[in-house]
Amino acid sequence: MKKMMLMMLAVAALLPAMGQEVEVISQRRLLEGVEGPAYYPVLNQEGNRLLFSTEDGALKMYDMTDNVTVLVADGYVAGNDACWGGDGKVYFVTQRVGEDHLVYRTGRSYDVATRQSTQLVEEQHGAVRAVPATRGGALKSPVRNYNSGIDIGSAAWTEGSRVHVTVGGEERVFSPVDSWAGYLWASLSPDGKRLAFFAAGKGIVVIDLRGQVTAMLGNYEMPCWYNNEYIVAQNAKDDGHQFTSSQIVLLKSDGTWQTELTKSASMAMQPTCGGGRIVYTTIDGLLYEMKINIYQ
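We now turn to the structure provided with this report. Every value quoted in this text rests on a predicted model; they were computed, and no experiment measured them. (Residues numbered from 1 in each chain as written. Predicted model: local features only at pLDDT ≥ 70, side-chain atom pairs only at ≥ 80, totals over all residues. Heavy atoms only, no water.)

In terms of helices and strands, the protein carries one helix and 26 strands. For the protein, the C-alpha radius of gyration of 20 Å lies close to 19 Å, the compact-globule estimate for 296 residues. For the protein, with 296 residues in total, the buried portion stands at 48%. Residue pairs at least 24 apart in sequence account for 38% of intrachain contacts in the protein once pairs closer than 6 positions are excluded. For the protein, the exposed area adds up to about 14,900 Å²; of that, 49% sits on carbon and sulfur atoms. Between the centroid of the 26 positive side chains of the protein and the centroid of its 32 negative side chains there is a distance of 6 Å. (Helix = DSSP H or I, 4+ residues; strand = E, 2+ residues; numbered from the N terminus. Rg over C-alpha atoms; globule rule 2.2 N^0.38 Å. Buried < 20%, exposed > 50% of the residue type's maximum accessible area, 1.4 Å probe, protein only. Contact = heavy atoms within 4.5 Å. Areas by Shrake-Rupley, 256 points an atom, 1.4 Å probe, with all protein chains shown as cover. Lys, Arg positive; Asp, Glu negative; His and termini not counted. Charge placed at Lys NZ, Arg CZ, Asp CG, Glu CD.)

Attention shifts here to the pairing of strand β8 (residues 103–111). Relative to β8, strand β7 (residues 90–97) runs antiparallel, the two being bridged by eight bridges. Residue pairing in the sheet places Q95 in a bridge with R105 of β8. Between β7 and β8, which pair antiparallel and follow one another directly, the connecting turn spans five residues, one of which, H101, has a positive phi of 70 degrees. Strand direction decides the pairing type here: β8 and strand β9 (residues 116–125), joined by seven bridges, are antiparallel. Across the sheet, the residue bridging to S109 is T118, located in β9. Count of turn residues in the β8/β9 antiparallel hairpin: four residues, of which R115 carries a positive phi of about 60 degrees. (Pairing = 2+ DSSP bridges.)

The subject of this paragraph is the state of the cysteines. Tallied over the entire structure, the rule returns zero disulfides. Cysteine C273 shares no disulfide, and the gap to the nearest cysteine sulfur, in C224, comes to 3.5 Å. Under the relative-accessibility criterion, C273 is labelled buried at 9%. (Disulfide = S-S within 2.5 Å.)

Let us now look at the packing of aromatic side chains. In this structure the tally under the stated criterion is four aromatic pairs. With a centroid separation of 5.7 Å and an interplanar angle of 20 degrees, the aromatic rings of Y280 and Y288 are classed as stacked. The exposure class assigned to Y288 is partly exposed, which follows from its relative accessible area of 23%. (Phe/Tyr/Trp six-rings, centres within 6.5 Å; stacked < 30°, edge-to-face > 60°.)

Attention now goes to the environment of G57. Tracing the chain through its elements places G57 in the loop between β3 (49–54) and β4 (59–63). When its relative accessible area of 4% is taken as the criterion, G57 is described as buried. Excluding anything up to four places from it in sequence, G57 contacts G75, Y76 and V77.

Moving on: the side chain of S187. Following the sequence through the fold, S187 ends up in strand β16 (residues 183–188). Note on S187: relative accessible area 13%, which makes it buried.

Pairing is antiparallel across the open sheet formed by four strands, whose spatial order is β20-β21-β22-β23. This sheet does not close on itself; its edge strands, each paired only once, are β20 (221–225) and β23 (258–260). Ignoring strand direction, the axes of neighbouring strands in this sheet form an average angle of 25 degrees. (Axes fitted to C-alpha atoms, helices over the stretch in contact; angles between N-to-C directions.)

Another aspect to go through is the sheet that holds strand β2 (residues 38–43). Pairing is antiparallel in the open sheet, where four strands are placed in the order β2-β3-β4-β5. With one partner strand each, in any of the chains shown, β2 and β5 (68–73) form the two edges of the open sheet. Strand-to-strand, the axes of this sheet are offset by a mean angle of 25 degrees, without reference to chain direction. Sheet topology places β3 next to β4; five bridges connect them, and they run antiparallel. Bridge pairing links L50 to Y62 in β4.

Below, the discussion takes up the environment of V22. For V22, the position within the fold is in strand β1 (residues 21–29). Along the chain, V22 and E123 lie 101 residues apart, while their C-alpha atoms are 46 Å from each other. If we ignore the near neighbours within four places in the chain, the residues touching V22 are L250, W257, T259, L261, I292, N293 and I294.

This is the structure:
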């Protein structure tokens, strides 16, 4: 009887997830014939402006309302070293290789209204991180930190095998799971109540603001909150030398359900979300926008 009861409870727990369906209602190529290969897309919260890196590392912004692309920085901006602040500005890090063959990084911001770039953190050898916050932005470095204001709201970032969360002016530091190679890609839920990040060897971890693990979503990468209940992520496979497949997946944040949004052969990667839009690129640098409906 006890065994039967446990089986019934397990089936009942699965029923809500089994009833979920996702429909891709639109999918289109962005900037076709206008831009070359584009990587590391980052949508703002409203989903009407998109940052991306060119093949040579320059940072550009695409205004999806006006259909205009502008140059933010022609200096090399590596990977995920750019983000949108809650104040509407872009926070980013440029880098160069000095004559001593060391890498030097500089923290900057870009004002979309004036199209002006401002240096915020002086050039230095060592890591400099651009961190989005709900009321502004920040730059974190061993030499000097920068906050855009006294109260930047909530923010999250990773450093080694630690995840940092700022809530109400208080910084909290957690190491909720063991990870031999550290954490990456911290992302706050839109309501600011949970945090998703990637832990090497573990996959995507979801925690609350006390550092308690609420879900382990599997070995996916680059989590981005679609809304307060769903996360979009990258599912990439490699042979130790190059990618063999990559796709975009949708995950329920409690770990009960998941589905693919693109096929594994699509080589789709680096997803970003905002304003009901999902944007991703491919291994060849082709940008796509996707819109979905989630049915219960």
